[in-house]
Amino acid sequence: MWSEGIITDPTTGSKYKYWVKHYEEPSETFGIDGGKISKLTIRKLNDSRDVVNYDRGWDVHCPDEYEIKAVYATILEKYN
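Residues numbered from 1 in each chain as written. Predicted model: local features only at pLDDT ≥ 70, side-chain atom pairs only at ≥ 80, totals over all residues. Heavy atoms only, no water.

(A) Layout of the nonpolar core. Grouped together as the largest cluster of nonpolar side chains are 18 residues, with contacts concentrated most on Ile 37, Leu 40, Ile 42, Val 52, Tyr 72 and Ile 75. Elements that contribute at least two residues to this core include exactly β2 (15-22), β3 (37-44), β4 (50-55) and α1 (66-79). Per element, the largest residue contribution to this core is six residues, and it comes from α1. (Core = buried A, V, L, I, M, F, W, Y, C linked by side-chain atoms within 4.5 Å. Buried < 20%, exposed > 50% of the residue type's maximum accessible area, 1.4 Å probe, protein only. Helix = DSSP H or I, 4+ residues; strand = E, 2+ residues; numbered from the N terminus.)

(B) View of the pairing of strand β1 (residues 2-8). Residues Ser 3, Gly 5 and Ile 7 point to one face of β1 and are all buried, whereas Trp 2, Glu 4, Ile 6 and Thr 8, pointing to the other face, are not buried. In terms of strand pairing, β1 meets β2 through seven bridges, oriented antiparallel. Residue pairing in the sheet places Trp 2 in a bridge with Lys 21 of β2. A loop of six residues connects β1 with β2, the two strands running antiparallel in sequence, and Gly 13 in this loop sits at a positive phi of about 80°. (Pairing = 2+ DSSP bridges.)

(C) Highlighting α1. Relative to the 20 Å expected for 14 residues at 1.5 Å per residue, α1 spans 20 Å between its end C-alpha atoms, a close match to the ideal helical length. Of all the positions in α1, only Glu 67, Ile 68, Val 71, Tyr 72, Ile 75, Leu 76 and Tyr 79 are classed as buried. Considering only its buried residues, α1 is in contact with β1, β2, β3, β4 and β5 (58-60). (Expected span 1.5 Å × (residues − 1). Contact = heavy atoms within 4.5 Å.)

(D) Looking closely at the packing of aromatic side chains. Across all of its chains, the model carries three aromatic pairs by this definition. In this structure, Arg 56 packs its charged tip against the face of Phe 30, placed 4.5 Å from the ring centre. (Phe/Tyr/Trp six-rings, centres within 6.5 Å; stacked < 30°, edge-to-face > 60°. Lys NZ or Arg CZ within 6 Å of the ring centre and 35° of its normal.)

(E) Geometry of the sheet that holds β4. Pairing is antiparallel across the open sheet formed by five strands, whose spatial order is β1-β2-β3-β4-β5. Either end of the sheet is taken by a strand with one partner, and the two such strands are β1 and β5. For this sheet, the mean inter-axis angle between neighbouring strands, taken without regard to orientation, is 15°. Those strands touched by α1 are β1, β2, β3, β4 and β5, and its axis lies near 145° from that of β3. (Axes fitted to C-alpha atoms, helices over the stretch in contact; angles between N-to-C directions.)

Laid out in structure tokens, this is it:
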């Protein structure tokens, strides 16, 4: 199942758009950390550059920036 949405970082107010493909059951082979998410893209709203991209493997790793890590953690909590 595909889901998408916009997350606002509560500390900065920055908005991020995400797309996620997730399943009912986790996958050790394809899921992020063996979870349910097999594809994930996060971009800053109105930007075409991926800040995170996972497509059955990491294409663009989650950076160490606190703001993006918080957005990423929120998505993992909801879907993974």
